[in-house]
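Okay, here's what each chain looks like letter by letter:
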Amino acid sequence: MKQEAGSSLKAVFLGMAGGLTAAAIMGAFAILVPLPGSGGVPFFVLATEQMGLGSSSFFAGWILHFGTGAAIGAIFGLTFNTFRRLRSSTVGHSVRMGIVAGVVVGRFLREEGLPMCEICGATFTSRQLLKDHSQAVHLGKRVQGISAP
Ligand SMILES: [Zn+2]
């Protein structure tokens, strides 16, 4: 069974398909279960708003979101194809692995970009909301790493 070159390319495309599917799932989740205080704006749009993209931030956010999903999926597909033991044998399996990778990495990226409560782990769309949260929920206990203004 010599089909190495072709299968690498196939793995990249299948991984991308999984990554895009994961991005769509994450996008739907972000809209259905918005972050506290975000006003229903998906987290990746909040990220582009913070980059100062203004009125184009909604569109740019989705492009960034799907672009990240496709890139993660492609890398993941290639990585899994390289390690024979983990090698995906079917199209369905490859796409499923891509979805898992996309959701896991997407979740990490989401939490990386936002202020997080170090006591309970909740993420917020602004430092002010985090401060309000720590005062209301944790009785004004200082959250490590967040300095008073
Ligand atoms: Zn908290």
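If you're wondering where the values come from, they're calculated on a predicted model, not measured in any experiment.

(A) Highlighting the overall build of the protein. Tallying secondary structure elements over the protein gives 5 helices and 0 strands in all. When the elements of the protein are put in sequence order from the N terminus, they spell out α-α-α-α-α. Residues counted as buried form 33% of the 149 residues belonging to the protein. Contacts in the protein between residues far apart in sequence, at least 24 positions, make up 62% of those at least 6 positions apart.

(B) Representation of the environment of Trp 62. With respect to the helices and strands, Trp 62 occurs in helix α3 (residues 57–82). Taking C-alpha positions, Trp 62 is 8.2 Å from Gly 27, a pair spaced 35 residues apart along the chain.

(C) Spatial organisation of the nonpolar core. The biggest cluster of nonpolar side chains holds 27 residues, and the ones touching the most others in it are Ala 22, Met 26, Phe 43, Phe 76 and Ala 101. The set of elements that each furnish at least two residues to this core consists of α1 (4–32), α2 (43–50), α3 and α4 (91–113). Element by element, the count of residues in this core is highest for α1, at 8 residues.

(D) Region of the structure containing the packing of α2 against α3. Taken N-terminus to C-terminus, the directions of α2 and α3 make an angle of 120°; their axes are 8 Å apart at the nearest point. Judged on the interaxial angle alone, α3 and α2 are oblique. The handedness of the crossing between α2 and α3 comes out as right-handed. The residues of α3 that touch α2, namely those facing Phe 44, Val 45, Ala 47, Thr 48 and Glu 49, are Ser 57, Phe 58, Ala 60, Gly 61, Leu 64 and His 65. When the residues that make up the contact of α2 with α3 are grouped by side-chain class, the tally is 6 nonpolar, 4 polar and 1 charged.

(E) Spotlight on the confidence of the model for the protein. Summarising the model, the protein shows a mean pLDDT of 75, and 77% of its residues fall at 70 or more. Mean pLDDT in the protein bottoms out at α4, which sits at 71, and peaks at α3, which reaches 85.

(F) Region of the structure containing the environment of Thr 79. Mapped onto the secondary structure, Thr 79 falls in helix α3. Residue Thr 79 is classed as partly exposed on the basis of its C-beta count, with 14 C-beta atoms lying within 10 Å. Placed 71 residues apart in sequence, Thr 79 and Ser 8 show a C-alpha to C-alpha distance of 9.4 Å.

Cut-offs used in this document
Residues numbered from 1 in each chain as written. Predicted model: local features only at pLDDT ≥ 70, side-chain atom pairs only at ≥ 80, totals over all residues. Helix = DSSP H or I, 4+ residues; strand = E, 2+ residues; numbered from the N terminus. Buried ≥ 20, exposed ≤ 12 C-beta atoms within 10 Å, placed from the backbone. Contact = placed C-beta atoms within 7 Å. Core = buried A, V, L, I, M, F, W, Y, C linked by C-beta atoms within 7 Å. Axes fitted to C-alpha atoms, helices over the stretch in contact; angles between N-to-C directions. Parallel < 35°, antiparallel > 145°, perpendicular 65-115°, else oblique. Left-handed = near helix turned anticlockwise from the far one by under 90°. Nonpolar A, V, L, I, M, F, W, Y, C, P; charged D, E, K, R; others polar. pLDDT = per-residue confidence, 0-100.

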